[in-house]
Amino acid sequence: MLKVGILGSTGSVGSQTLDVIRKYKEQIKVELLGASKLSENLINQIKEFKPSYVYVENTEEKNIDDTKVLVGEDGLKQAVNLDLDLFVNAIAGIKGILPTYLLLKYNKTLATANKEAIICLGELLKDKYKKILPIDSEHSAIFQILKDRNQKEVRRIILTASGGPFVNMPAEDFENITVKQALNHPTWIMGKKITIDSATLMNKGLEVIEAHYLFSMPYEKIDVLIHPESIIHGMVEFVDGTVISNMSNPDMKIPISYALFYPERKFLSNNYLDFTKIKSLNFLKPDTEKFPLLKLAVECGKKGGVYPTVLTVADEIAVNYFLEERIKFTDIHKIILETLEKFDYNKLDSVDDVFYIIDKTINLATEIAKKYGSA
Ligand code: MN
């Protein structure tokens, strides 16, 4: 019996992880669930999966049925120290950084969908990333293809992007994009923050940095292609000209299950690709004029140091403001740019520095976002 812990269990990846586990209950036991609060959804999950522990940020409760409640930062430290076979970090955004840091520090087996942690911890933890089982679909694709291939054989890796809902919209209409339009992703079902990041293509920029660290791949060897059908999730081109691609219908349960049962593959559903129904697979170069955040993210990745962290945190603040309908879609880029320009701290030698930079960026980006909000 595989014992797993799932942090962020009520989110999009978390609940899809539980969907997969439901099919294989006699092989997997959920020992830990975690979410920000004891919502009705989380309580239902506790009643169904009966984990020994549940972690939440804040509550007065000590137990839910036979499940012990772990609370706050001390609770989190206890949770990540449990003796489990696998931890899944399905937490969305920068809240996922501390759990990933602790899990890697304690040498736990980690499957993660949280790219923010890998980007922000960056260089500091780079020796620990080899053991990570990526859930992000593109990175799962590349992981499945690369396995233990010699780096020297790889000419480049290609991350695909659906392009989001605005790939065909003229740039002059971007100012008037509504939250509802931006949340209407054409191919993937995901949480809100990442769906907005997909609409700006920031998500792909963050994924380039994520790939750089996960696979210790130089930026020169990472390419991005818009592929609206979302059938090919990632490709590796080898020096002899061979390209190996990873294909499936877009369904997060596939990379989730690959990480859960690695290296075994399991039946999930009959949602198999029908090649006779795929009329065409299209690929185009991303338009970085229309989607400046992709370019900005890669630039920040290449600069390294504090830049990827400031970029990631400023983006999360700006995206939250957009989701609350306080700023325009096009302000997201402006807020991030201004935060990067005004950021005056350049030391990044320790994990403490990372958390300090996160706090500092939250304050600065919030100040800047408020200014755009009043306009
Ligand atoms: Mn992805």
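If you're wondering where the values come from, they're calculated on a predicted model, not measured in any experiment.

**A word on the overall build of the protein chain**
Right, so step 1: Regarding its fold elements, the protein chain presents 14 helices and 12 strands.
Right, so step 2: Relative to the 2.2 N^0.38 estimate, which gives 21 Å for 375 residues, the radius of gyration of the protein chain is 20 Å and therefore close to what a compact globule would have.
Right, so step 3: For the protein chain, the proportion of contacts with a sequence separation of at least 24, taken over those separated by at least 6, is 64%.
Right, so step 4: By element, 49% of the accessible surface of the protein chain is carried by carbon and sulfur atoms, the whole surface being about 17,200 Å².
Right, so step 5: If you average the places of the 47 positive and of the 51 negative side-chain charges in the protein chain, the two averages end up 2 Å apart.

**A short note on the sheet that holds strand E2 (residues 28–34)**
Right, so step 1: Strand order across the open sheet formed by eight strands is E4-E5-E3-E2-E1-E6-E7-E8, with mixed pairing between neighbours. Whereas interior strands pair on both sides, the edge strands pair on one side only; in this sheet they are strand E4 (63–64) and strand E8 (133–134).
Right, so step 2: Direction of pairing for strand E1 (residues 2–7) relative to strand E6 (residues 86–89): parallel, over a ladder of four bridges. Each residue of the ladder has a partner; that of isoleucine 6, found in E6, is valine 88.
Right, so step 3: Sitting on the sheet, helix H2 (residues 40–49) touches E2, strand E3 (53–56), E4 and strand E5 (67–71), and the angle it makes with E2 is about 155°.
Right, so step 4: Helix H4 (residues 97–105) rests against E1, E6 and strand E7 (110–112) of the sheet, and its axis sits at about 155° to E7.

**Thoughts on the coordination of the manganese ion**
Right, so step 1: Protein coordination at the manganese ion: the donors are Asp136 (OD), Glu138 (OE) and Glu207 (OE), at 2.1 Å from the metal.
Right, so step 2: Each donor residue of the manganese ion belongs to the same chain, and together they define the spacing D-x1-E-x68-E. Each member of the pair aspartate 136 and glutamate 138 is classed as buried.

**Considerations on the side chain of threonine 312**
Right, so step 1: Here threonine 312 shows up in helix H12 (residues 307–323).
Right, so step 2: With near-sequence residues (within four places) excluded, threonine 312 lies in contact with Ile94, Glu116, Ile119, Cys120 and Leu206.

**Quick word on the UniProt feature "binding site: Mn(2+)" (unreviewed entry) in the protein chain**
Right, so step 1: Those residues carrying the UniProt feature "binding site: Mn(2+)" (unreviewed entry) are Asp136, Glu138 and Glu207 in this numbering. Taken together, the annotated residues stretch across 72 residues yet fold into one region, lying no more than 8.6 Å apart by C-alpha.
Right, so step 2: Considering the arrangement of structural elements, one finds aspartate 136 in the loop between E8 and helix H6 (137–146).
Right, so step 3: Overall, aspartate 136 belongs to the buried group, its relative accessible area being 7%.
Right, so step 4: For aspartate 136, the residues in contact, after removing those within four places along its chain, are Thr112, Ala113, Lys115, Glu207 and Glu210.
Right, so step 5: Looking at the element boundaries, glutamate 138 is found in helix H6.

**Digging into the pairing of strand E10 (residues 222–226)**
On any regular strand, side chains alternate: one points to one face of the sheet, the next to the other face.
Right, so step 1: Going residue by residue along E10, you find Ile222, Val224 and Ile226 tucked away on one face and Asp223 and Leu225 left uncovered on the opposite face.
Right, so step 2: Both strand E9 (residues 154–161) and E10 contribute to a ladder of five bridges, which runs parallel. Each bridged residue has a counterpart across the sheet, and for leucine 159 the counterpart in E10 is valine 224.

**Some thoughts on the sheet that holds E10**
Strand pairing in a sheet relies on backbone hydrogen bonds, with the paired strands running either antiparallel or parallel.
Right, so step 1: In space, the four strands of this open sheet follow the order E10-E9-E11-E12, with mixed pairing throughout. Since the sheet does not close on itself, it has two edges, and those belong to E10 and strand E12 (243–247), each with one partner. Neighbouring strand axes in the sheet, compared pairwise and without regard to direction, differ in orientation by 20° on average.
Right, so step 2: Relative to strand E11 (residues 232–238), E9 runs antiparallel, the two being bridged by five bridges. What sits directly across from isoleucine 157, in E11, is valine 236.
Right, so step 3: Contacts from H6 reach E9, E11 and E12 within the one sheet, and its direction differs from that of E11 by about 35°.
Right, so step 4: Along the sheet, helix H9 (residues 202–214) makes contact with E9 and E10, crossing E9 at roughly 150°.

**What to know about the side chain of histidine 212**
Right, so step 1: Note that histidine 212 resides in helix H9.
Right, so step 2: Excluding residues within four positions of it along the chain, histidine 212 makes contact with Met217, Pro218, Tyr219 and Ile222.

**Concerning the pattern of salt bridges**
Right, so step 1: One pass over the full model with this rule turns up 27 salt bridges.
Right, so step 2: Put simply, lysine 115 and aspartate 136 hold a salt bridge, and the shortest N to O gap is 3.2 Å. You can see lysine 115 sitting in helix H5 (residues 115–121) and its partner aspartate 136 sitting in the loop between E8 and H6, a full 21 residues away along the chain. The same class applies to lysine 115 and to aspartate 136, which are both buried.
Right, so step 3: Arginine 156 is paired through a salt bridge with aspartate 223; the nearest N and O atoms lie 2.8 Å apart. Within this pair, whereas arginine 156 is found in strand E9, its partner aspartate 223 is found in strand E10, the two being separated by 67 residues in sequence.
Right, so step 4: Salt bridges sharing common partners tie together Lys115, Asp136, Glu138, Lys204 and Glu207.

**Some details on the nonpolar core**
Right, so step 1: Among the nonpolar cores identified, the biggest contains 127 residues, and Leu260, Leu311 and Ile332 are the most heavily contacted of them.
Right, so step 2: Once you skip the residues sitting within four places of it in the chain, leucine 311 turns out to touch Met202, Leu206, Ile209, Leu296, Ala297, Cys300, Ile336 and Leu340.

**Focus on helix H11 (residues 292–303)**
Right, so step 1: With 12 residues, H11 extends 17 Å between its outermost C-alpha atoms, agreeing within 8% with the 16 Å of an ideal straight helix rising 1.5 Å per residue.
Right, so step 2: For H11, the full list of buried residues reads Leu293, Leu294, Leu296, Ala297, Val298, Cys300 and Gly301.
Right, so step 3: Buried residues belonging to H11 abut helix H8 (192–200), H9, E10, H12 and helix H13 (331–342).
Right, so step 4: Two residues or fewer past H11, glycine 304 is found with a positive phi of approximately 65°.

Calculation rules
- Residues numbered from 1 in each chain as written.
- Predicted model: local features only at pLDDT ≥ 70, side-chain atom pairs only at ≥ 80, totals over all residues.
- Heavy atoms only, no water.
- Helix = DSSP H or I, 4+ residues; strand = E, 2+ residues; numbered from the N terminus.
- Rg over C-alpha atoms; globule rule 2.2 N^0.38 Å.
- Contact = heavy atoms within 4.5 Å.
- Areas by Shrake-Rupley, 256 points an atom, 1.4 Å probe, with all protein chains shown as cover.
- Lys, Arg positive; Asp, Glu negative; His and termini not counted.
- Charge placed at Lys NZ, Arg CZ, Asp CG, Glu CD.
- Pairing = 2+ DSSP bridges.
- Axes fitted to C-alpha atoms, helices over the stretch in contact; angles between N-to-C directions.
- Donors = N, O, S within 2.8 Å, 3.2 Å for Na, K, Ca; no water.
- Buried < 20%, exposed > 50% of the residue type's maximum accessible area, 1.4 Å probe, protein only.
- UniProt positions renumbered as here; feature names shortened; annotations may be inferred.
- Salt bridge = Lys/Arg side-chain N within 4 Å of Asp/Glu carboxyl O.
- Core = buried A, V, L, I, M, F, W, Y, C linked by side-chain atoms within 4.5 Å.
- Expected span 1.5 Å × (residues − 1).

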